[in-house]
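Tertiary structure, described
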Amino acid sequence: MGQEGAQKRGSSALPTTTANGGANRRSVLRGGGNRQIHKTLNNIKITILCGLVTILVLRGTIGFGSLSSDNDLENQAIIEETNRILAEIRSDKDPDDPEDIQNQYTISLNDTYTLGAKISNWDEERSLWLSRNQDFPNIVNGKARILLVTGSPPSPCDNAIGDHYLLKSIKNKIDYCRIHGIEIVYNMAHLDKELSGYWAKLPLIRRLMLSHPEVEWIWWMDSDALFTDMVFELPLSKYKDHNLIIHGYPDLLFEQKSWIALNTGSFLFRNCQWSLDLLDDWAPMGPKGPVREEAGKILTANLKGRPAFEADDQSALIYLLITKKEWMSKVFIENSYFLHGYWAGLVDRYEEMMEKYHPGLGDERWPFVTHFVGCKPCGSYGDYPVQRCLSSMERAFNFADNQVLKLYGFRHRGLLSPKIKRIRNETATPLQYVDEFDIRHSAQGTSN
Amino acid sequence: MLDRIIGPRRTRQLNRLLHKGKVTILCLVLTIVVLRGNLGAGKFGTPEQDFKEIRETFYQYRSRRAEPRRVLEELQTTTEQTTSSVTTNSYAEFDINKLFVDEEDDVKKNVNEPYSIGPKISDWDEQRGNWLKQNPNFPNFVNGNKPRVLLVTGSSPKPCENPVGDHYLLKSIKNKIDYCRIHGIEIFYNMALLDAEMAGFWAKLPLIRKLLLSHPEVEFLWWMDSDAMFTDMAFEIPWERYKDRNLVMHGWNEMVYDEKNWIGLNTGSFLLRNCQWSLDLIDVWAPMGPKGKIRDEAGKLLTRELKDRPVFEADDQSAMVWILASQKDRWANKVYLENHYYLHGYWGILVDRYEEMIASYHPGFGDHRWPLVTHFVGCKPCGKFGDYPVERCLKQMDRAFNFGDNQILQMYGFTHKSLASRRVKQTRNDSSNPLEVKDELGLLHPAYKVVKVSSS
């Protein structure tokens with residue numbers, strides 16, 4: 001009941017007026033009219049007050065652009081400028097390239113595409129060159145000369161994380177190749193307008209083979225593949241009668257005709273006529289435009305599990321090897337170690353591997369290469385959740401880096417940590433550890 | 001009801017009081033909320049900060065759980081982390097800094113202990129000499145006169161703050177890979193901070209020392225900053241010139257020894273021999289580096305002693321100038337300040353002249369006609385703010401990169417369409433006799449890359 005009374009009072013005016021009103025009302029107010037005006041005035045006051053309060057609260061949370069501080073403005077300006085330049089850099093527009101637009105012709109279905117001038121005597125030419133240039137032998141210290149080839153597009157990735165992982169990936173390759181005496185070519189140029197995208201490796205491999213006759217093996221490796229076994233060395237003696245070494249499964253290739261029977265993310269080509277011929281036979285499905293589209297349809301129709309999209313180099317190679325089986329005599333399908341290791345089944349087991357096994361095995365116990373197919377960190381969207389991809393790539397990188405840092409007495413503080421910790425105290429006689437931990441000393445000892 | 005207890009008048013008074021009270025409290029609450037929304041209330045912060053804090057606490061909580069004692073527990077928690085996370089497939093939405101997890105705490109250093117870069121070694125020349133004798137397969141001189149060189153560079157293990165920074169780091173390392181492949185030099189790309197106290201520009205010191213001691217087969221260590229690019233692919237360092245020297249830097253004798261100018265030399269690109277002298281030099285160089293009070297005090301000393309040095313903490317370059325100038329008798333006879341070619345070339349005076357160089361000269365000079373190294377000092381593409389306008393820096397870095405890359409591509413018959421363009425075009429037709437095509441600069445099979453076939 002007290003509440004009812006309060007309600008009656010509360011509905012008419014603010015407490016302030018009620019406090020005074022109790023005394024003043026009798027003297028000031030004469031009639032109902034004045035009371036009405038007062039009521040209206042009070043209502044307006046309340047409305048304005050509430051309005052002000054609302055605006056202030058909204059400003060506190062959402063804010064007004066023009067009222068932000070000077071420092072913020074400056075930061076904003078610099079960020080905007082960087083973004084503008086970034087967008088300009090990322091766009092494929094070339095200020096000095098006006099003819100680009102006119103040259104948009106693509107190869108029609110009737111034209112035949114060639115990788116380059118036909119060469120038929122490469123083996124003789126090459127051995128002649130080698131005999132004349134004894135200073136550039138194809139075998140150094142008992143090991144055949146290998147050239148590792150990798151690359152990425154010349155423009156920045158769609159997002160900054162992509163470039164960061166490209167950087168980590170090349171560092172990883174630099175480390176492996178330094179330990180094993182392999183040279184690296186990092187390509188950032190599109191040598192052939194027709195063979196763009198994943199096909200770009202074909203003209204590149206051909207070009208490098210022909211320019212470097214001293215190189216015995218050309219090893220293509222995708223930018224999203226990381227070395228995870230720093231000790232493992234390719235058993236080249238196994239391949240003395242073969243010219244193409246590729247990871248895959250023969251039953252998937254011949255019986256199931258699966259589009260993932262082989263993986264062209266990491267493979268080796270011997271520098272010889274056979275390889276040039278295979279590249280010539282492989283290339284025709286590549287030229288972008290109607291040729292690649294039509295080829296894609298053929299491949300989807302003939303290979304198991306292949307989704308519908310334009311022809312890619314992997315499916316094309318599989319199709320080539322299935323239909324022209326004469327190539328197979330010189331192809332070695334390797335699966336005794338992970339020349340290409342699909343990442344999903346490997347990355348979660350790194351701690352288990354560190355506990356139970358040791359580097360040098362190259363297989364499922366300690367994978368040679370962990371290949372992040374489908375992650376596509378350089379693009380905007382991958383086939384897998386970003387968190388999973390990136391944390392797995394970070395783990396694989398640190399897993400490999402630990403093997404490199406071991407010589408220097410450090411390792412990472414956990415597979416997701418960029419920080420390192422000491423595992424060996426500094427000493428005044430460091431050379432004892434060099435003999436023990438330098439991988440090159442053990443690598444030299446093993447015979448090929 | 002209250003009427004009966006305290007009387008009607010009192011009830012009315014009570015009601016009025018209650019009203020006033022309610023409204024006062026309401027206004028008070030509103031005032032606090034509004035003030036907090038705008039100004040924040042000290043440690044209570046604004047609602048936005050609140051939200052961030054709450055989000056961060058959750059992340060922290062998740063990562064703190066990965067603090068196990070056993071390896072297998074680590075495995076479980078990391079799987080938990082990955083499965084309980086955001087499942088976006090878009091890279092643009094992802095904050096990379098949430099990814100990193102430090103599983104062990106920082107080692108707390110004893111503050112009273114003076115800084116030491118490592119235990120004192122006094123017989124490194126003998127140790128190394130013995131090792132080289134016992135390991136003939138790892139000679140320190142390849143092909144007779146050419147010393148084995150290790151090029152060392154590096155960057156942070158975390159992504160750059162600037163979104164294009166990593167792309168320029170990538171181009172820079174590609175550039176170095178190309179030069180080193182042609183010249184038979186090995187590369188070590190460092191992404192680890194070996195010593196937390198020597199962070200920033202000083203990080204190279206513990207790294208260099210560690211590499212010298214771990215690679216006795218290396219004769220010269222070549223430190224190169226990540227913002228320096230090779231622009232002369234044909235130039236070979238004149239190793240013979242330095243056979244009696246242990247440290248080669250770009251600089252001028254007068255500017256260092258007489259003027260004590262802080263930019264009298266440049267430590268962005270230098271050669272250091274693997275010997276006892278170098279270890280001693282590093283021991284003398286390092287003490288100004290430990291961050292905090294030591295570095296700040298040292299900075300003040302350097303600003304006082306050196307000409308034109310601005311006021312900031314001690315950096316390795318100023319420290320080197322000061323050491324050489326003040327201890328000239330001890331060090332100068334083994335230091336070579338090279339200025340006949342650009343072992344380090346300040347980009348500001350070089351980048352606009354590339355077209356002129358292409359028209360008038362050819363690779364192989366290494367000097368003002370065709371610089372060996374173009375060093376983008378002050379650009380800081382990895383950070384948020386450099387000393388120069390962003391656009392100038394990035395565009396010029398692209399030009400320098402293409403200028404160097406053209407020399408590589410010409411080996412294979414290609415060139416960039418222009419110094420600003422990423423696109424390439426063919427310069428000669430494909431030949432069916434590729435081995436007869438001469439590469440003009442002789443970079444495919446250069447003399448300094450021959451392998452002396454040992455008599456077997």
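Residues numbered from 1 in each chain as written. Chains lettered and ligands numbered in written order. Predicted model: local features only at pLDDT ≥ 70, side-chain atom pairs only at ≥ 80, totals over all residues. Heavy atoms only, no water.

Right, let's talk about the overall build of chain B for a bit. Broken down by element type, chain B carries 14 helices and 12 strands. Taking all 456 residues of chain B together, 52% fall into the buried category. Within chain B, residue pairs in contact and separated by at least 24 positions form 71% of the contacts whose partners lie at least 6 positions apart. About 22100 Å² of surface is accessible on chain B, with carbon and sulfur atoms providing 54% of the total. (Helix = DSSP H or I, 4+ residues; strand = E, 2+ residues; numbered from the N terminus. Buried < 20%, exposed > 50% of the residue type's maximum accessible area, 1.4 Å probe, protein only. Contact = heavy atoms within 4.5 Å. Areas by Shrake-Rupley, 256 points an atom, 1.4 Å probe, with all protein chains shown as cover.)

Another point: the confidence of the model for chain B. Residue and element names in this part refer to chain B. Residues at a pLDDT of 70 or more form 86% of chain B, whose mean pLDDT is 87. This stretch, residues 63-85, has a pLDDT under 50; its non-local contacts, to residues over four places away or in other chains, come to 25 contacts. Both scores are available for the predicted complex, with the pTM at 0.81 and the ipTM at 0.81. (pLDDT = per-residue confidence, 0-100.)

The subject of this paragraph is the nonpolar core. Trp 219, Phe 269, Trp 282, Phe 368 and Leu 390 of chain A together with Trp 222 and Ile 237 of chain B are the most contacted members of the largest nonpolar core, which has 234 residues in total. The dominant element in this core, judged by the number of residues it contributes, is helix H13 (residues 386-405) of chain A, at 10 residues. If sequence neighbours within four positions are ignored, Trp 282 of chain A has contacts with Trp 199, Leu 202, Thr 264, Phe 267, Phe 269, Asp 313, Ala 316, Leu 317 and Leu 320 of chain A. (Core = buried A, V, L, I, M, F, W, Y, C linked by side-chain atoms within 4.5 Å.)

Positive phi values are uncommon outside glycine, yet Asn 141 of chain A reaches one of about 55°. Relative to the helices and strands, Asn 141 of chain A resides in the loop between strand E1 (139-140) and strand E2 (143-144).

The next subject is the packing of helix H10 (residues 290-302) of chain A against helix H11 (residues 313-323) of chain A. Residues and elements named next belong to chain A. Closest axis-to-axis distance for the H10/H11 pair is 10 Å, and the angle between their directions is 60°. Our classification of the angle between H10 and H11 gives oblique. H10 and H11 meet at a crossing whose hand is left-handed. Facing Ile 298, Leu 299 and Asn 302 of H10, the residues of H11 in contact are Ser 315, Ala 316 and Tyr 319. (Axes fitted to C-alpha atoms, helices over the stretch in contact; angles between N-to-C directions. Parallel < 35°, antiparallel > 145°, perpendicular 65-115°, else oblique. Left-handed = near helix turned anticlockwise from the far one by under 90°.)

It is worth spelling out the interface of chain B and chain A at this point. On the chain A side, the residues contacting the 115 residues of chain B number 125 residues. Of the roughly 11100 Å² buried where chain B meets chain A, counting both sides, 62% is carbon and sulfur surface. The largest contributions to the chain B side of the interface with chain A come from Tyr 91, Arg 422 and Leu 435 of chain B, which together make up 8% of the buried area. For the interface between chain B and chain A, the tally reads eight salt bridges. (Buried area = accessible area lost by both parts, 1.4 Å probe. Salt bridge = Lys/Arg side-chain N within 4 Å of Asp/Glu carboxyl O.)

Here we take up the sheet that holds strand E3 (residues 149-154) of chain B. Residue and element names in this part refer to chain B. The six strands lie next to each other as E4-E3-E5-E8-E7-E9, forming an open sheet whose pairing is mixed. Each edge of the open sheet is held by one strand with a lone partner, namely strand E4 (186-190) and strand E9 (335-338). The average angle at which neighbouring strand axes cross in this sheet is 25°, direction not considered. Bridge analysis of strand E5 (residues 220-224) against strand E8 (residues 265-273) gives five bridges, and the strand direction is antiparallel. Paired with Leu 221 across the strands is Leu 272, a residue of E8. Running at roughly 160° to E4, helix H6 (residues 165-183) makes contact with E3, E4 and E5 of the sheet. (Pairing = 2+ DSSP bridges.)

Another aspect to go through is the sheet that holds strand E3 (residues 146-151) of chain A. Residues and elements named next belong to chain A. A sheet is described by the order of its strands in space; here six strands give the open sequence E4-E3-E5-E8-E7-E9, paired in mixed fashion. Either end of the sheet is taken by a strand with one partner, and the two such strands are strand E4 (183-187) and strand E9 (331-334). Going across the sheet, the axis of each strand differs from the next one's by a mean of 25°, ignoring polarity. Two elements, E3 and E4, share five bridges in a ladder whose sense is parallel. Bridging across to E4, Gly 151 finds its partner in Asn 187. On the sheet, helix H6 (residues 160-180) packs against E3, E4 and strand E5 (217-221) and is oriented at approximately 160° with respect to E4. Against the sheet, helix H9 (residues 273-282) makes contact with strand E7 (244-248), strand E8 (262-270) and E9, and its axis sits at roughly 145° relative to E8, the strand it touches most.

This part takes up the state of the cysteines. Per the stated rule, a full pass over the model turns up four disulfides over all chains. Put simply, Cys 375 of chain A and Cys 389 of chain A are joined by a disulfide, and their sulfur atoms are 1.8 Å apart. Its S-S torsion of about -90° marks the bond between Cys 375 of chain A and Cys 389 of chain A as left-handed, since a negative value means left-handed. A residue pair is termed long-range when its members are at least 10 positions apart, and Cys 375 of chain A in the loop between strand E10 (369-371) and H13 and Cys 389 of chain A in helix H13 qualify at 14 residues. Each member of the pair Cys 375 of chain A and Cys 389 of chain A is classed as buried. The disulfide that involves Cys 379 of chain B links it to Cys 393 of chain B, with 1.9 Å between the sulfurs. Disulfide Cys 379 of chain B-Cys 393 of chain B: the torsion about the S-S bond is -90°, which places it as left-handed. (Disulfide = S-S within 2.5 Å.)

Under the counting rule described, the total for this entry stands at 54 salt bridges over all chains. In this structure, Lys 171 of chain A engages Asp 401 of chain A in a salt bridge whose closest nitrogen and oxygen atoms are separated by 3.8 Å. Taken together, the residues Lys 171 of chain A in helix H6 and Asp 401 of chain A in helix H13 connect sequence positions 230 residues apart. On the basis of relative accessibility, which here comes to 2%, the residue Lys 171 of chain A falls in the buried class. Residue classification places Asp 401 of chain A among the buried positions, given a relative accessible area of 5%. Ionic pairing is found between Glu 297 of chain B and Lys 300 of chain B, a salt bridge with its closest N-O pair at 3.4 Å. Separated by three residues within a single helix, Glu 297 of chain B and Lys 300 of chain B lie in helix H10 (residues 293-305), roughly one turn from each other. The exposure class of Glu 297 of chain B is partly exposed, given its relative accessible area of 43%. Connected through salt bridges with shared partners, the residues Lys 171, Asp 175, Arg 178 and Asp 401 of chain A form a single ionic network.

All names here are of chain B. Of all nine residues in E8, nine are buried, a share of seventy percent or more. As judged from the five bridges shared by strand E7 (residues 247-251) and E8, these two strands associate in the antiparallel manner. Each residue of the ladder has a partner; that of Met 249, found in E8, is Phe 270.

To find leftover empty space, a probe the size of one water molecule is rolled over the atoms. Counted according to the given criterion, the structure contains 11 cavities of 30 Å³ or more. Here the largest cavity defines a volume of roughly 140 Å³. For the largest cavity, the lining is made up of 13 residues, of which Arg 424, Thr 427, Pro 430 and Tyr 433 of chain A together with Lys 210 of chain B are closest to its centre. Secondary-structure elements contributing two or more residues to the lining of the largest cavity are helix H14 (431-437) of chain A together with helix H7 (204-214) of chain B. The element contributing the most residues to the lining of the largest cavity is H7 of chain B, with three residues. Classifying every residue of the lining of the largest cavity gives six nonpolar, four polar and three charged. (1 Å grid on protein atoms, 1.4 Å probe; cavity = no way out; pocket = protein on both sides within 12 Å on 5 of 7 lines; lining within 4 Å. Points joined across faces, edges and corners; volume = space filled by probe spheres on them. Nonpolar A, V, L, I, M, F, W, Y, C, P; charged D, E, K, R; others polar.)

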